[in-house]
Amino acid sequence: MSSNKTVPTKMDPSAFLEGIVPDRRKADALELLALFQDETGFDPVMWGPSIVGFGRYHYRYASGREGDFLATGFSPRKANFSIYIMPGYQDYAGLLGDLGKHKCGKSCLYVNKLSDIDLTVLRNLIRTGLSDLNNIWPVTPH
């Protein structure tokens, strides 16, 4: 059985985000850091080299595959911010309709810059996603 490639690291999330250029992108990343901390109540943890995660959950599928993964978080990719909401965005069409300019993957929301979206809606998505995930697999701070 293979294990997750994306795992928690000892890297400091704040130091990682301080290294982002240009300054406008760094400011958005630091704003996301504060927003996620505020909404989750969890300390940030780096998952792999570029994902800032908040909380974690242990999953076990019917196939027998199991592991731990971040409950929510974001990554400041070059092209856009990837925002992770588990268990995915498929049931959040109403909220996403009010979010603003974005693209969606299965569990990933792509946003170019924070000024493109309504941060109140993003906060609601984070809270709703954590609550829904916790109903499937318990979410813990670490």
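Keep in mind it's a predicted model, so treat the numbers as computed, not measured. (Residues numbered from 1 in each chain as written. Predicted model: local features only at pLDDT ≥ 70, side-chain atom pairs only at ≥ 80, totals over all residues. Heavy atoms only, no water.)

1. Brief notes about the packing of aromatic side chains
Turning to step 1, where the next piece is worked out: Tallied over the full model, the rule gives eight aromatic pairs.
Turning to step 2, where the next piece is worked out: When the centroid spacing of 5.3 Å and the interplanar angle of 15° are considered together, the rings of Phe-36 and Phe-54 count as stacked. With Phe-36 in helix 2 (residues 23-40) and Phe-54 in strand 2 (residues 51-60), the pair connects residues that are 18 residues apart, well separated along the chain.
Turning to step 3, where the next piece is worked out: Exposure remark for Phe-54: the relative accessible area of 0% places this residue in the buried category.
Turning to step 4, where the next piece is worked out: Among the aromatic residues, those joined into a cluster by ring pairs are Tyr-57, Tyr-59, Tyr-61 and Trp-137. (Phe/Tyr/Trp six-rings, centres within 6.5 Å; stacked < 30°, edge-to-face > 60°. Helix = DSSP H or I, 4+ residues; strand = E, 2+ residues; numbered from the N terminus. Buried < 20%, exposed > 50% of the residue type's maximum accessible area, 1.4 Å probe, protein only.)

2. What to know about the environment of Asn-80
Turning to step 1, where the next piece is worked out: Inspection of the secondary structure assignment puts Asn-80 in the loop between strand 3 (66-76) and strand 4 (81-85).
Turning to step 2, where the next piece is worked out: A residue is classified by how much of its surface remains accessible, and Asn-80, at 16% relative accessible area, is buried.
Turning to step 3, where the next piece is worked out: Put simply, Asn-80 and Thr-40 are 40 residues apart on the chain and 22 Å apart in space, counted from C-alpha to C-alpha.
Turning to step 4, where the next piece is worked out: Excluding anything up to four places from it in sequence, Asn-80 contacts Arg-25, Ser-75, Tyr-110, Val-111 and Asn-112. (Contact = heavy atoms within 4.5 Å.)

3. Brief notes about the nonpolar core
Turning to step 1, where the next piece is worked out: Counting 41 residues, the largest nonpolar core has Phe-74, Ile-83, Leu-109 and Leu-122 as its most contacted members.
Turning to step 2, where the next piece is worked out: Looking at this core element by element, the count peaks at six residues for helix 4 (residues 119-136).
Turning to step 3, where the next piece is worked out: Dropping the residues within four chain positions of it, Leu-109 is found in contact with Phe-81, Ser-82, Ile-83, Tyr-89, Leu-96, Leu-99, His-102, Lys-103, Cys-104, Leu-122 and Leu-125. (Core = buried A, V, L, I, M, F, W, Y, C linked by side-chain atoms within 4.5 Å.)

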